[in-house]
Amino acid sequence: MLTNPADGAIITAGKTLPKRDDKMKKIYRISAALLAATVAFSAGAVLVGCGDETGGADVTAAPEVTDIAETAAEPETTAMTEPELPPADFEGYEFRFVLQNDGYGEWKGRELGEGEQTGDTLNDALYERDLKVSELYSVSLKPLFTGDLVRLLKNTVTAGDNACDALFIQAPQLTSPAMNGLLFDIKQLPGLDLENPWWDAYAAKTLSIGGRLFFTYGDMNICDKDLTWLVMFNKKIAESYGVGNLYAEVADGKWTFDLFRGKCAGVYNDLNGDGVVNDDDLFGLVTPYDRTMLAFLYSCGVETIKKDDGDLPVYAMDSPKLAEVFSRVLSLYFDGGCALDVMRVSGYWRRTETMFSSNQILFYVECMQNVERMRAMQDDFGILPVPKYDEAQGEYINMVCDFATAVCVPASAPDPDRTGAVLEAMNAYSKMLVMPAYYEVSLKTKYARDNDSAEMIDLIFGRRYFDLAYIYQWGGSIGAVMKLAGKGDENVVSKLESLREKTETAIQKTVEAYIG
């Protein structure tokens, strides 16, 4: 057992992965067909529910690893090639990644593998990637799991002890460290190219302020994929209520909010006949009203923050469209008698997941991780993007929940060249090996119930939305929108106006911290 001198937390060293021998070279290979099928899943084109966001405070080391759009045509013969990465020798350096621990439940970090093969498709892909990067750069990769990631980050920088090299922390928890000089500007890491397809170009563009980027997302990140919002529908109920071919509506560009609202209308049944509206009944829509209000706003093209020519955030919450969409969503929630708020159900997400699998919910609007959670459901379900504003809107836009963990680097990074090289390689090989396992095998093949849902997953990941106002919580404006949604309060315009000065002041404070 080792004690971290920075915070006194206990660190347990894990086992070491043996060097690759000839036998190990054969242990895991992803088929050419599978690899080619995921060429479309580029980061540039590109949730149990979202309840627990915090965990315990202990720090433990997982097993140490040493020596570590459009569907592509003719996938059975075309394989994704090895990324072109410059060679380097980092002389066995132990590169440490900090991840969320068991206290975060289903949100425990899984960006690194178990340190050995287990037969699980995703874990084995992580294992193979880690071996490749270890051999390429002569590094060992060690995950450190903790419940207080920000404290570990602060201690690393202030003590200068190089306790970690990169961290995966919930984005809202990174705003203060970013503003207080604790993070390295990712754009300044040598050897890391954010224009490469294994980085989320939209995230990098959105999350930067004044040209500086302190946290972002790439193909090594898994939590942001799990926390992408979507619509799940129960096929048995859909058939009973004659909702029609929803996949065709999406494909034809007709999957709009008004159409969705119409499909929900009238779908309610007091199953137990007690005359009380509760979780024993059947509903057209069940969702967390607060977060899904944001998902609907974003999917309808509402922007709370815009950027000026200098890449600086500009307040945009006075948009008439925001008020309009907010009102329409509230009408769906409270006027139709067909919807139920997850937060008003005893047991929250656990109970509503059971409701969906028990044929009590037509539309369940939540995050991508719920697709995996329904793997034991007997009746079939389908997957759809969040509906758009109208048919004229060109694309379906899907929210990434605020507490998705982003990758960041301590400002005290002792060797930026090494950090940039390793992060670039980890994301490059994640695109080649891990995303096929996560995306094609797990989501599309293992959990999705039909080919149409697999195509919908392409659409969902094809355009995702990160909101600076949601992440930074400037002035409490987004929190206010969520609270009003949960209460059914229409006064969003006056509430946002009352918070405008506070919000713009907070934005300016962030800008000054970034660029001086």
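Residues numbered from 1 in each chain as written. Predicted model: local features only at pLDDT ≥ 70, side-chain atom pairs only at ≥ 80, totals over all residues. Heavy atoms only, no water.

## Digging into the overall build of the protein
If you tally the helices and strands in the protein, you get 18 helices and 17 strands. Per-residue burial over the protein gives 58% buried out of 516 residues. With an accessible surface of roughly 19400 Å², the protein has 48% of that area assigned to carbon and sulfur atoms. (Helix = DSSP H or I, 4+ residues; strand = E, 2+ residues; numbered from the N terminus. Buried < 20%, exposed > 50% of the residue type's maximum accessible area, 1.4 Å probe, protein only. Areas by Shrake-Rupley, 256 points an atom, 1.4 Å probe, with all protein chains shown as cover.)

## Observations regarding the side chain of Arg464
Positionally, Arg464 belongs in strand 17 (residues 464–465). Among the polar contacts listed, one links the side chain of Arg464 to the side chain of Asp200, at a separation of 3.0 Å. Within polar-contact distance, the side chain of Arg464 engages the side chain of Thr228 at 3.0 Å. (Polar contact = N/O pair within 3.5 Å; in protein donor to acceptor, adjacent residues only side chain to side chain.)

## Description of the pairing of strand 16 (residues 405–408)
Side-chain alternation along strand 16 places Thr405 and Val407 on one buried face and Ala406 and Cys408 on a second face that is also buried. The pairing of strand 6 (residues 166–170) with strand 16 spans four bridges and is antiparallel. The residue of strand 16 that forms the bridge with Leu167 is Cys408. (Pairing = 2+ DSSP bridges.)

## Focus: the nonpolar core
Core analysis: the biggest nonpolar cluster contains 135 residues, and Phe97, Phe215, Phe260, Phe363 and Leu384 have the highest contact counts within it. Ranked by residues supplied to this core, first place goes to helix 14 (residues 416–447) with nine residues. Once residues lying within four places of it in the same chain are set aside, the contact partners of Phe363 are Val231, Met232, Phe233, Leu246, Trp255, Phe260, Lys263, Cys264, Gly284, Leu285, Val286 and Leu384. Among the nonpolar cores identified, the runner-up in size contains 32 residues, and Met232, Leu340, Met377 and Tyr447 belong to it. (Core = buried A, V, L, I, M, F, W, Y, C linked by side-chain atoms within 4.5 Å. Contact = heavy atoms within 4.5 Å.)

## Focus: the side chain of Asp130
Of note, Asp130 is situated in helix 2 (residues 121–137). Exposure remark for Asp130: the relative accessible area of 1% places this residue in the buried category. Polar contacts involving the side chain of Asp130 include one to the side chain of Arg129, which spans 2.8 Å.

## Observations regarding the packing of helix 11 (residues 320–334) against helix 17 (residues 477–487)
Relative orientation and spacing of two packed helices are given, respectively, by the angle between their axes and the distance between those axes. Where helix 11 meets helix 17, the closest approach of the two axes is 9 Å, and the angle between their N-to-C directions is 35°. Contacts from Phe326, Leu330, Tyr333 and Phe334 of helix 11 reach helix 17 at Val481, Leu484, Ala485, Gly486 and Lys487. When the residues that make up the contact of helix 11 with helix 17 are grouped by side-chain class, the tally is seven nonpolar, one polar and one charged. (Axes fitted to C-alpha atoms, helices over the stretch in contact; angles between N-to-C directions. Nonpolar A, V, L, I, M, F, W, Y, C, P; charged D, E, K, R; others polar.)

## As for the confidence of the model for the protein
For the protein, per-residue confidence averages 85 on the pLDDT scale, and 84% of positions sit at 70 or higher. The low-confidence segment residues 1–48 (pLDDT under 50) makes 150 contacts with residues lying over four places distant or belonging to another chain. The model gives residues 52–79 a pLDDT under 50, and that stretch makes 103 contacts with residues more than four places away or in other chains. (pLDDT = per-residue confidence, 0-100.)

## Quick notes on the environment of Gly479
Along the chain, Gly479 turns up in helix 17. Look at Gly479 and you get partly exposed, because its relative accessible area is 29%.

## Regarding a positive patch on the surface
Together, Lys483, Lys487, Lys495 and Lys502 give the surface a local cluster of positive charge. Elements with a minimum of two residues in the positive patch: helix 17 and helix 18 (492–515). (Patch = residues over 30% accessible without salt bridge, like charges linked within 9 Å, V, L, I, M, F, W, Y side chains within 5 Å. Salt bridge = Lys/Arg side-chain N within 4 Å of Asp/Glu carboxyl O. Lys, Arg positive; Asp, Glu negative; His and termini not counted. Charge placed at Lys NZ, Arg CZ, Asp CG, Glu CD.)

## Re the pairing of strand 5 (residues 139–146)
In terms of burial, strand 5 is largely enclosed, as eight of its eight residues are buried. Burial of the side chains of strand 5 extends over both faces: Val139, Leu141, Pro143 and Phe145 are buried on one face and Ser140, Lys142, Leu144 and Thr146 on the other. As paired elements, strand 4 (residues 93–100) and strand 5 share eight bridges and run parallel to each other. Across the sheet, Val98 pairs through a bridge with Leu144, a residue of strand 5.

## Some words on the pattern of salt bridges
Throughout the structure, instances matching the rule amount to 27 salt bridges. Note that Asp102 is salt-bridged to Lys108, the shortest N-O span being 3.0 Å. Residue class for Asp102 comes out exposed when judged on its relative accessible area of 59%. Using a relative accessible area of 31% as the deciding quantity, one classes Lys108 as partly exposed. A salt bridge links Glu106 to Arg373, with the nearest nitrogen and oxygen atoms 3.0 Å apart. Here Glu106, found in the loop between strand 4 and helix 2, pairs with Arg373, found in helix 13 (residues 369–373); they are 267 residues apart in sequence, far enough to count as distant.

## A word on the packing of aromatic side chains
A full pass over the atoms with the stated rule returns 25 aromatic pairs. Measuring from ring centre to ring centre gives 5.5 Å for Phe90 and Tyr137, while their planes differ by 50°; the resulting arrangement is tilted. Here Phe90 is found in the loop between strand 3 (59–61) and strand 4, whereas its partner Tyr137 is found in helix 2, with 47 residues between them in sequence. When the ring of Tyr93 is compared with that of Phe95, the centres are 6.5 Å apart and the planes differ by 75°; the resulting orientation is edge-to-face. Taken individually, Tyr93 and Phe95 each receive the classification buried, so the pair is uniform in this respect. Here the aromatic residues Trp255, Phe257, Phe260, Phe296 and Phe363 are joined through ring pairs into a cluster of three or more. We note Lys388 situated over the ring of Tyr396; from NZ or CZ to the ring centre the distance is 4.9 Å. (Phe/Tyr/Trp six-rings, centres within 6.5 Å; stacked < 30°, edge-to-face > 60°. Lys NZ or Arg CZ within 6 Å of the ring centre and 35° of its normal.)

## As for helix 3 (residues 149–159)
Those residues of helix 3 that sit buried are Leu149, Val150, Leu152, Leu153, Asn155, Thr156 and Val157. Tucked into the core, helix 3 has its buried residues touching strand 4, strand 5, strand 6 and helix 4 (171–179). Residue Gly160 follows helix 3 closely and has a positive phi angle near 60°.

## So, the environment of Gly253
Mapped onto the elements of the fold, Gly253 is located in the loop between helix 8 (246–251) and helix 9 (257–264). Between the C-alpha atoms of Gly253 and Asp390, which are 137 residues apart in sequence, the distance is 8.6 Å. Setting aside its immediate chain neighbours within four residues, Gly253 contacts Lys388, Glu391 and Tyr396.

## What about helix 12 (residues 348–357)?
Of the residues making up helix 12, those classed as buried are Trp349, Thr352, Glu353, Met355 and Phe356. Relative to the axis of helix 12, the buried residues are bounded by an arc of 160° and lie together on one face. Here the buried face of helix 12 lies against strand 7 (229–234), strand 9 (282–287), strand 12 (339–341), strand 13 (361–367), helix 13 and strand 14 (381–384). At the exit of helix 12 stands Asn359, carrying a positive phi of roughly 65°. (Arc of directions from axis to C-beta.)

## Comments concerning unusual backbone geometry
We note that Glu91 has phi near 55°; this positive angle belongs to a residue other than glycine. Its location among the elements puts Glu91 in the loop between strand 3 and strand 4. Judged by its relative accessible area of 71%, Glu91 falls in the exposed class. Unusually for a residue other than glycine, Ser138 sits at a positive phi of about 55°. Position of Ser138 relative to the elements: it lies in the loop between helix 2 and strand 5. Using a relative accessible area of 28% as the deciding quantity, one classes Ser138 as partly exposed.

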